[in-house]
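Observations on the model geometry
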Amino acid sequence: MHIKPDCITCIMNQTLKVCRLLEVDDPTAKKLLDSTAEILARHDLTYTPPQIAKETYAKIAELTGVDDPVAKAKVHATQMALQVDTAFVQSLHDAVKFAVIGNVIDFGAQKQLDLNETIQTHFHRHFGIDDFETFEKELKSARTLVYIGDNTGEHVFDKLLIETIKKQYDVEVYYFVRGMPIINDVTVKEAQILKPLATIVDTGVPTPGYDLRYANASSKTLFDDADIVLAKGMGNFESLYDETDRKVYYLFIVKCTVVSEAIGQSVGELIFTQH
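Let me begin by describing the structure that accompanies this report.

What counts as what
- Residues numbered from 1 in each chain as written.
- Predicted model: local features only at pLDDT ≥ 70, side-chain atom pairs only at ≥ 80, totals over all residues.
- Heavy atoms only, no water.
- Helix = DSSP H or I, 4+ residues; strand = E, 2+ residues; numbered from the N terminus.
- Rg over C-alpha atoms; globule rule 2.2 N^0.38 Å.
- Buried < 20%, exposed > 50% of the residue type's maximum accessible area, 1.4 Å probe, protein only.
- Contact = heavy atoms within 4.5 Å.
- Areas by Shrake-Rupley, 256 points an atom, 1.4 Å probe, with all protein chains shown as cover.
- Lys, Arg positive; Asp, Glu negative; His and termini not counted.
- Charge placed at Lys NZ, Arg CZ, Asp CG, Glu CD.
- Salt bridge = Lys/Arg side-chain N within 4 Å of Asp/Glu carboxyl O.
- Phe/Tyr/Trp six-rings, centres within 6.5 Å; stacked < 30°, edge-to-face > 60°.

Some thoughts on the overall build of the chain
Check the secondary structure of the chain and you find eleven helices and seven strands. The C-alpha atoms of the chain give a radius of gyration of 18 Å, which matches the 19 Å a tight globule of 275 residues would have. In terms of its C-alpha atoms, the chain occupies a principal-axis envelope of roughly 55 × 35 × 35 Å. The buried share among the 275 residues of the chain stands at 55%. Considering only contacts in the chain between residues 6 or more positions apart, those separated by 24 or more positions represent 71%. Summing over all exposed atoms, the chain offers an accessible surface of approximately 12,100 Å²; the carbon and sulfur share of this is 49%. Across the chain, the 28 positively charged side chains and the 40 negatively charged ones have centroids separated by 2 Å.

Side note on the pattern of salt bridges
Under the counting rule described, the total for this entry stands at twelve salt bridges. Between D68 and K74 there is a salt bridge; the shortest N-O distance is 2.9 Å. Of the charged contacts, one joins R178 and D185 as a salt bridge, the two residues approaching to 2.7 Å between their closest N and O atoms. Taken individually, R178 and D185 each receive the classification buried, so the pair is uniform in this respect.

Details of the side chain of K232
Note that K232 resides in strand 5 (residues 228-232). Judged by relative accessible area, which is 0%, K232 ranks as buried. For K232, the residues in contact, after removing those within four places along its chain, are A99, V100, Y147, I148, G149, D150, E154, D158 and L251.

Comments concerning the packing of aromatic side chains
Per the stated rule, a full pass over the model turns up 15 aromatic pairs. When the centroid spacing of 5.2 Å and the interplanar angle of 75° are considered together, the rings of F135 and Y249 count as edge-to-face. With F135 in helix 7 (residues 132-139) and Y249 in strand 6 (residues 249-253), the pair connects residues that are 114 residues apart, well separated along the chain. The exposure class of F135 is buried, given its relative accessible area of 0%. What makes Y249 buried here is its relative accessible area of 1%. Judged by centre distance (5.5 Å) and plane angle (35°), the rings of Y147 and Y175 are tilted. Of the two residues, Y147 is situated in strand 2 (residues 144-148) and Y175 in strand 3 (residues 172-177); the sequence distance between them amounts to 28 residues.

And the structure:
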C-alpha cells in the first residue's frame, strides 16, 4: 500500500514522539526532525509507509546512538498487556477479537487508543469485516499456520490466540518477528514467551511490516507454503496488501484515515479479512 500525504505528518509525529521518549534536548530533536524531513523528501509516493519508517528509524538510531529507541515503550506495553484479565475469553472467536483489540498497542499509530478502554468498548462490538467462518473452516484441515507478529505488548494477546487455536486444532504455528528493532515491533527478544507454542522465525525484515523484498529465504518459503497466513496489524497490511498473490488473513484495528480509505471501513473498526 503506497504512502499518502497523510502518512508524511504521521511519520514526522513518530519522530517527535521518539524525541520525547528519549528525552533529548531541543537541538537534538531539531536534528532528528530535520533528518526525517530529508528522508521523506527523497521518497516519492510509490513507497510504503513501513519502507520509509525503516529509513527514518535507522537514522534516529544513528544520530542518537540508541539501537532500540522505543525500548522503554516496549517494556511498558508488555507489562501492561500481562496485567489484563483474559478470563472472559471463552471461545476461538473471542480470542481472535481479543487479539485484534491488542492491536491498539502501537507506538507508530496516527491515533492512540487506550488499551483497557478499548477492551471495554470493543469486545462486544461486531467486526467491520469478519471472515472468521472461513478461517475456522480452513483450520480444520490446516497443518501449518504462519502468524506474522506486529507490536510488542500486542504479542501477549497473540499468545492467547495461538494457545486457543492449538487446543482445538492440530496445527504447527510459525510466529514471524522483525529482524531488528523497528518502532515497537516484536523481535526475537520479546517473542520468547511464545516459544512453547510456536516456532519463532526471524524474518530478517527491517521494516515495520513483513516486506517480501527484505524477507530472508527461509521465512519466504514458510510464507509461501503455509496452509494459513495470519498477518497482524496495519504495518503488515500496508506491506502485503496487493503485494502478494497468496491469500492472507489480515487482523487489525483501523487506526488511520489512509488505511480506512483502503479497506472501506471507519477508523476504530475491527478488521478480520482474507484477501
